[in-house]
Amino acid sequence: MKAPSFAYAKPRSLAEALELLERPGAKILAGGQSLIPSLNLRLSAPELLVDITGLPGLSRIEAKNGAVRVGALCTHAMVERSPEIRDHLPLLAEAMPYIAHPAIRNRGTLGGSLALADPAAELPACAVALDAVLVIASKKGERRVRAFDFFKGLFETDLKPGDILVGAEFPKAEKSAFLELTRRHGDYAIVGLAAATKQKERRVALFGFSDRPVLIKPGSLDDAKASLPAPAADLYHSAATKLHLAKVLLERAWNRL
Ligand SMILES: Cc1cc2nc3c(=O)[nH]c(=O)nc-3n(C[C@H](O)[C@H](O)[C@H](O)COP(=O)(O)OP(=O)(O)OC[C@H]3O[C@@H](n4cnc5c(N)ncnc54)[C@H](O)[C@@H]3O)c2cc1C
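Worth saying up front: this structure is predicted, and the values here are computed from it rather than measured. (Residues numbered from 1 in each chain as written. Predicted model: local features only at pLDDT ≥ 70, side-chain atom pairs only at ≥ 80, totals over all residues. Heavy atoms only, no water.)

Draft legend 1. Summary view of helix α8 (residues 122-129). Taking burial as the measure, the eight residues of α8 include eight buried ones, the bulk of the element. Of all the residues in α8, the buried ones are Glu122, Leu123, Pro124, Ala125, Cys126, Ala127, Val128 and Ala129. Following α8 by one or two positions, Asp131 has its phi on the positive side, about 60°. (Buried < 20%, exposed > 50% of the residue type's maximum accessible area, 1.4 Å probe, protein only. Helix = DSSP H or I, 4+ residues; strand = E, 2+ residues; numbered from the N terminus.)

Below, the structure written as structure tokens:
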């Protein structure tokens, strides 16, 4: 199938992009790795695609004041190869190779993945585990939302029509662990785990487990297992299987934390 017809605009400034997004049926296009397949399957029919990949300043990775700010247009490949990410956010560096394949990682963006909020995706869970703050621009100005509050449900976020996610600030973590179970490398997770420790606080986010990343803040491994909520089954795996696999991942992660 082919995508339905749509108009296309490539703004060169944030102000121009925000203006274009006011038009009826407008939708943001970033790396296109999720949006274009969904258009081709006719799951969505926007009237105007606003291609934000020409916006300046959104492809930077900067470490300062105990955090690393990653621009929304940074591709998964840029995050994977960044020395700042490797040094300060090893969780993200470790997670990136699990996202699809190199061709997709070369185009898919951090902002696109967070905005899409696929419950089996790696980046939303990393953002929740690291207690990231997401930075959102709109015509009313800029607002900042903690990752835990940003993910509202299945493919649902705090983004309102006309909003552009411009970046995310990830506080540096002392220790981290990333684990994922898939049938083939590059597939979305059956169940995955992103965990970070800072000042003795452990934050574990499970993905592929519920309609959004599930955050637990356990003291001990037994606490962690006991505090798991009931998972949601997917097309291939029952809730009981997911619960079992989440416990296996917790055990594997524990020593590393
Ligand atoms: C075969 C295949 C396998 C994949 N496997 C995985 C996987 O294992 N794990 C995984 O996490 N992902 C996977 N993906 C998805 C990939 O990571 C996508 O790139 C990513 O989810 C979306 O990023 P994008 O930049 O391509 O966004 P797009 O496809 O351009 O946009 C996705 C959605 O986000 C919105 N959007 C994009 N950017 C912004 C922004 N800055 N502000 C507000 N809204 C925005 C768009 O309007 C659209 O609704 C896979 C994709 C394919 C095709």
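On we go from here.
Draft legend 2. Structural context of the site of the ligand. Every one of the 31 residues lining the ligand counts as a neighbour, but Ile28, Gly32, Leu35, Thr109 and Glu122 are closest to it. With respect to the ligand, the backbone of Leu35 contributes an N or O atom lying 2.7 Å from an oxygen atom. For the ligand, an oxygen atom lies 3.3 Å from a polar atom in the backbone of Ala100. In isolation the ligand has 970 Å² of accessible area, and contact with the protein removes 87% of it. Among the cavities detected, the one that contains the ligand is the largest pocket. Mapped by element, the contributors of at least two residues to the shell around the ligand are β2 (26-29), α7 (110-116) and β10 (164-171). No other element matches α7, which puts five residues into the shell around the ligand. (Near = heavy atom within 4 Å. Polar contact = N/O pair within 3.5 Å; in protein donor to acceptor, adjacent residues only side chain to side chain. Areas by Shrake-Rupley, 256 points an atom, 1.4 Å probe, with all protein chains shown as cover. 1 Å grid on protein atoms, 1.4 Å probe; cavity = no way out; pocket = protein on both sides within 12 Å on 5 of 7 lines; lining within 4 Å. Sits in = over half its atoms within 2 Å of the grid points.)

Draft legend 3. Representation of the pattern of salt bridges within the structure. Inspection of the entire model under this criterion finds 17 salt bridges. The closest approach of N and O atoms between Lys225 and Glu251, which form a salt bridge, is 2.3 Å. Here the residue Lys225 occupies a position in helix α10 (residues 221-226), and Glu251 occupies one in helix α11 (residues 239-254), the gap between them amounting to 26 residues. Residue classification places Lys225 among the partly exposed residues on the basis of a relative accessible area of 23%. Each of Arg143, Asp158, Lys160 and Asp163 takes part in one network of salt bridges that share partners. (Salt bridge = Lys/Arg side-chain N within 4 Å of Asp/Glu carboxyl O.)

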